[in-house]
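Chain by chain, the residues run as shown.
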Number of protein chains: 2
Amino acid sequence: MTREGRAVVTGGAGFIGAALVSALLHDGVPVAVVDRAPWQDAVRLHGLAGAGELTYHAADMRDIEQLEPLFSGTTHVYHLSANTENRSDRAGRTADFTDTVGGTIALLEALREAPRPVNVVMTSSQLVYGPVPEGTTVAEGSGLLRPTTRFAAGKAAAEAFLEAYANECGLQAAVGRLSNVVGPGMGRGIIADLVRRLHDDPGEIRLLGDGRQTRSYLHVRDCVAALRAVAAAAESDGGDFSVFHVCNQDAISAHRVAEIVAEEFPDGTPEITYEGGRQGWRGDIPSLLIRPEALEEHGWRPRSTSEEAVRETARALLATRRPTTGAR
Amino acid sequence: MTREGRAVVTGGAGFIGAALVSALLHDGVPVAVVDRAPWQDAVRLHGLAGAGELTYHAADMRDIEQLEPLFSGTTHVYHLSANTENRSDRAGRTADFTDTVGGTIALLEALREAPRPVNVVMTSSQLVYGPVPEGTTVAEGSGLLRPTTRFAAGKAAAEAFLEAYANECGLQAAVGRLSNVVGPGMGRGIIADLVRRLHDDPGEIRLLGDGRQTRSYLHVRDCVAALRAVAAAAESDGGDFSVFHVCNQDAISAHRVAEIVAEEFPDGTPEITYEGGRQGWRGDIPSLLIRPEALEEHGWRPRSTSEEAVRETARALLATRRPTTGAR
């Protein structure tokens, strides 16, 4: 394994990024965070300032010149910076192009002259596969990419450029295609949405779609361990580019997620209702089953099941978001 | 089939683009060309000014606002504008991102508000497949994309966004993955390179690699017919996104291409020599065999074999490039 020098984490102020930074610092790895947020907004990192050797660089991830000076002495780059909003009606019109792909291009250009070896792990998404036939489980390296949202297209595009630069510029690169990653402190996704709706109307949890959309939910703690396992696995496998699924070993339906949120809700017994339709929204995918086979082969195992990860997240979000003046 | 209204051809001043514009005008289709070249540099189109209803728009293909006004009354868009240089040492550092992907994003954004139906045919490349095992033939819809050059990554990325926009914004879209397209008037590629070298040294044709790199060569006349067949096939198949191989039914080696150029050389019998190595250059692919199965199912057939296409091209380039003051 490459001597573990400094790690650079792009998007290190985000939900997964900050958890990764915390784990690296805890293990004594010096970390440089690059994020577009100014330090005062990087609240997830504020408690880590004394936990180890942490430097913070507020930078425009799309600007090669801002990134170029940041990689001296770096052996590992965890590239998490990207548009994170799958719904194009919520993301900026071209955020997947400018931020997801543009940020990746700028990073890869900035790394061209950096000392080797450099190990780059980029987070991608299970959504690059698009809709797959009911009952299919997709394996790493065999799944055709059929991106049906701009978010997924941005991830597929960033993967394509990462593979090309790895081959043309001598990087060791790996992609982690993430399933739903959850945990205390997350601000978006189905659990946060359901919790918000419950506080608007404590009698009802309304689900988009028919509730049968099935997903793997991975605890952010397990995700962080998986991303570090991806770096190690890519190194031990050799080769300039490899793909890993970063997901749980099981999966649960949106209906079950709603049930868990309802069970954890301390102020009543909300009814679960459905807006109907097979898809949650245009571009959503009814069912997608990926398994973390490549990481399992390298000995990685998640500590929490999908249900446990969702429950811990729901409990934390319900506790945080409960109005302090509410009746209880 | 959608009533054939106006066609917009992006990159219409280029080698394939101008041939497509000529064919469309010949069939009475009004054509608007969008190209970054100013009209005076669009020499391939100058002879077509009186051949039909042709309008020319010199525009920055990456600027949504410049493109938005151009699609009124348009039923067909042929999107050929892109970086066309596969060798990253010759193309701009980020041309594949800014021009290939950025131009596609701007086009798709500009098309969001255009009247439907709009049929978009985009040219991509066989190189999106990357290296495939010796003897494999890749079929449409089954081949994994493994782009090993930034050029190929740009094409794969543009395809991903085209598929996503088609699904999210209601376009009918198709991709034509092109093999080597050749013909009189082309300025780059292996035949033009060999002709240039022959004029430098009439005694020798020096090939990169070992000469065994095998490719399908398609005459530009057949390519143009294929792109129009792609538009018709995508319409008759329905669906919002489909992929077609635009290539010949056969393939020949680089060695055979050199032999044909030597046979057509009027001023001697050059010796064919090799620089050695299995690859022509870093990122080149030793052997790649795709077949135009989807188009064959729709009745399309090329008129020229690979050998005939190469021979006609070599003859034309040798005639054009022969120094007028040279000994003969």
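What you are looking at is a predicted structure, and each value in this text was computed from that prediction instead of being measured.

A short note on the overall build of chain A
Thought 1: Check the secondary structure of chain A and you find 10 helices and 15 strands.
Thought 2: Radius of gyration (C-alpha) of chain A: 20 Å, near the 20 Å computed for a compact globule of 328 residues.
Thought 3: Dimensions of chain A, computed from C-alpha atoms along their principal axes, come out at roughly 60 × 45 × 40 Å.
Thought 4: Classification of the 328 residues of chain A by burial places 59% in the buried group.
Thought 5: Taking as baseline every contact in chain A between residues at least 6 positions apart, the subset at least 24 positions apart corresponds to 80%.
Thought 6: Counting only carbon and sulfur atoms, one obtains 48% of the accessible surface of chain A, whose full area is about 12,800 Å².
Thought 7: Chain A carries 33 positive and 43 negative side-chain charges, and their two centres are separated by 4 Å.

A short note on helix H5 (residues 150-169) of chain B
All names here are of chain B.
Thought 1: For H5, spanning 20 residues, the distance from its first C-alpha to its last is 27 Å, which sits close to the expected 28 Å at 1.5 Å a residue.
Thought 2: Counted residue by residue, H5 has 20 buried out of 20 residues, so it is predominantly covered.
Thought 3: Following H5 by one or two positions, glycine 170 adopts a phi angle in the positive range, close to 70°.

Regarding the sheet that holds strand E7 (residues 172-178) of chain A
Sheet strands pair by backbone hydrogen bonding; their relative direction is either parallel or antiparallel.
Residues and elements named next belong to chain A.
Thought 1: Taking strand neighbours across the sheet as the criterion, the 7 strands line up as E3-E2-E1-E4-E5-E7-E12 in an open arrangement whose pairing is parallel. Because the sheet does not close on itself, it has two edges, and the strands there are strand E3 (54-58) and strand E12 (241-246). Taken over all neighbouring pairs, the strand axes of this sheet differ in orientation by 20° on average, direction set aside.
Thought 2: Examined bridge by bridge, strand E2 (residues 31-35) and E3 share 5 bridges and lie parallel to one another. For valine 33, the partnering residue across the bridge sits in E3 and is tyrosine 56.

Topic: the pattern of salt bridges
Side chains that carry opposite charge are capable of pairing whenever their charged atoms lie near each other.
Thought 1: Summed over the entire model, instances satisfying the criterion amount to 48 salt bridges over all chains.
Thought 2: Shared partners join several salt bridges into a network, and the residues in it are Arg256, Glu259, Glu263, Glu264, Glu307, Arg311 and Arg315 of chain A.

A few points about the relation of the copies chain B and chain A
Thought 1: If you rotate chain B by 180° and push it 0.0 Å along the axis, it lands on chain A with an RMSD of 0.0 Å. Read as a symmetry element, the transformation amounts to a two-fold axis. Within chain B, the C-alpha atom positioned nearest to the axis of rotation is that of alanine 157 of chain B, 2.0 Å from it.
Thought 2: A shared binding surface is used by both copies, with 100% of the interface residues of chain B retained as interface residues in chain A.

Focus on the sheet that holds strand E5 (residues 119-125) of chain B
All names here are of chain B.
Thought 1: An order of E3-E2-E1-E4-E5-E7-E12 is seen for the 7 strands of this open sheet, with the pairing classed as parallel. Where the open sheet ends on each side, the last strands, each with one partner, are strand E3 (54-58) and strand E12 (241-246). Between one strand and the next, the sheet's axes are offset by a mean angle of 20°, whatever the strand orientation.
Thought 2: Looking at chain direction, strand E7 (residues 172-178) and E12 are connected through 6 bridges and run parallel. Looking at E12, one finds that arginine 177 is bridged to histidine 245.
Thought 3: The strands that helix H1 (residues 15-26) touches are strand E1 (6-10), strand E2 (31-35), E3, strand E4 (74-79) and E7; relative to E1, the one it contacts most, it runs at about 170°.
Thought 4: Its contacts with the sheet put helix H7 (residues 220-237) on E4, E5, E7 and E12, and the angle it makes with E12 is roughly 155°.

Comments concerning the packing of aromatic side chains
Thought 1: As enumerated under the stated definition, the model contains 3 aromatic pairs over all chains in all.
Thought 2: Here tryptophan 39 of chain B and tyrosine 56 of chain B contribute two aromatic rings whose centre-to-centre distance is 5.0 Å and whose plane-to-plane angle is 65°, an arrangement assigned as edge-to-face. Separated by 17 residues along the polypeptide, tryptophan 39 of chain B in the loop between E2 and helix H2 (43-46) and tyrosine 56 of chain B in strand E3 bring together distant segments of the chain.
Thought 3: The cationic tip of arginine 150 of chain A hangs over the ring face of tyrosine 165 of chain B; the distance from NZ or CZ to the ring centre is 4.7 Å.

So, the UniProt feature "domain: NAD-dependent epimerase/dehydratase" (unreviewed entry) in chain A
Thought 1: When the UniProt feature table is mapped to this numbering, "domain: NAD-dependent epimerase/dehydratase" (unreviewed entry) covers residues 8-240 of chain A.
Thought 2: Within the segment residues 8-240 of chain A, helix and strand shares are 37% and 20% respectively, and the terminal C-alpha atoms sit 19 Å apart.

Regarding the interface of chain B and chain A
Thought 1: Tallying the contact residues gives 36 residues for chain B and 36 residues for chain A.
Thought 2: For the pair chain B and chain A, the summed buried surface comes to about 3,100 Å²; carbon and sulfur atoms form 54% of the total.
Thought 3: Looking only at chain B, the three residues that lose the most surface to chain A are Phe97, Arg150 and Glu168 of chain B, adding up to 22% of its buried area.
Thought 4: Run the count over chain B and chain A and you get 8 salt bridges.
Thought 5: Across the pair glutamate 168 of chain A and arginine 150 of chain B runs a salt bridge, and its minimum N-O distance is 2.7 Å.
Thought 6: Applying the counting criterion to the chain B and chain A interface returns 8 residue pairs in polar contact (both at pLDDT 80 or more).
Thought 7: Elements supplying a minimum of two residues to the side of chain B that touches chain A: helix H4 (95-111) and H5 of chain B.

Comments concerning unusual backbone geometry
Glycine aside, residues mostly have negative phi angles, and peptide bonds mostly take the trans form.
Thought 1: Residue proline 117 of chain A is bonded to the preceding arginine 116 of chain A through a cis peptide linkage, with omega at 0°.
Thought 2: You can see proline 117 of chain A is positioned in the loop between helix H4 (95-111) and strand E5 (119-125).

Details of the side chain of arginine 150 of chain B
Thought 1: Tracing the chain through its elements places arginine 150 of chain B in helix H5.
Thought 2: Judged by its relative accessible area of 5%, arginine 150 of chain B is buried.
Thought 3: Within the structure, the side chain of arginine 150 of chain B is placed 2.7 Å from the side chain of glutamate 168 of chain A, a separation counted as a polar contact.
Thought 4: The contacts of arginine 150 of chain B, once residues within four sequence positions are left out, are Glu109, Arg112, Phe161, Ala164, Tyr165, Glu168 and Cys169 of chain A together with Ser88, Arg93 and Asp96 of chain B.

A few points about the state of the cysteines
Thought 1: Summed over the entire model, instances satisfying the criterion amount to 0 disulfides over all chains.
Thought 2: The thiol of cysteine 223 of chain B is unpaired, and the distance to the nearest cysteine sulfur, on cysteine 247 of chain B, comes to 10 Å.

Topic: the packing of helix H6 (residues 190-200) of chain A against helix H8 (residues 254-264) of chain A
Residue and element names in this part refer to chain A.
Thought 1: Where H6 meets H8, the closest approach of the two axes is 10 Å, and the angle between their N-to-C directions is 50°. By the criterion of interaxial angle, the relationship of H6 to H8 is oblique. In terms of crossing hand, the pair formed by H6 and H8 is right-handed. Residue-level inspection shows Ile190, Ile191, Leu194, Val195 and Leu198 of H6 in contact with H8, the latter providing Ala254, Val257, Ala258 and Val261.
Thought 2: In the contact of H6 with H8, the residues fall into 9 nonpolar, no polar and no charged.

Definitions and limits used
- Residues numbered from 1 in each chain as written.
- Chains lettered and ligands numbered in written order.
- Predicted model: local features only at pLDDT ≥ 70, side-chain atom pairs only at ≥ 80, totals over all residues.
- Heavy atoms only, no water.
- Helix = DSSP H or I, 4+ residues; strand = E, 2+ residues; numbered from the N terminus.
- Rg over C-alpha atoms; globule rule 2.2 N^0.38 Å.
- Buried < 20%, exposed > 50% of the residue type's maximum accessible area, 1.4 Å probe, protein only.
- Contact = heavy atoms within 4.5 Å.
- Areas by Shrake-Rupley, 256 points an atom, 1.4 Å probe, with all protein chains shown as cover.
- Lys, Arg positive; Asp, Glu negative; His and termini not counted.
- Charge placed at Lys NZ, Arg CZ, Asp CG, Glu CD.
- Expected span 1.5 Å × (residues − 1).
- Pairing = 2+ DSSP bridges.
- Axes fitted to C-alpha atoms, helices over the stretch in contact; angles between N-to-C directions.
- Salt bridge = Lys/Arg side-chain N within 4 Å of Asp/Glu carboxyl O.
- Least-squares fit on C-alpha atoms with pLDDT ≥ 70 in both.
- Phe/Tyr/Trp six-rings, centres within 6.5 Å; stacked < 30°, edge-to-face > 60°.
- Lys NZ or Arg CZ within 6 Å of the ring centre and 35° of its normal.
- UniProt positions renumbered as here; feature names shortened; annotations may be inferred.
- Buried area = accessible area lost by both parts, 1.4 Å probe.
- Polar contact = N/O pair within 3.5 Å; in protein donor to acceptor, adjacent residues only side chain to side chain.
- Disulfide = S-S within 2.5 Å.
- Parallel < 35°, antiparallel > 145°, perpendicular 65-115°, else oblique.
- Left-handed = near helix turned anticlockwise from the far one by under 90°.
- Nonpolar A, V, L, I, M, F, W, Y, C, P; charged D, E, K, R; others polar.

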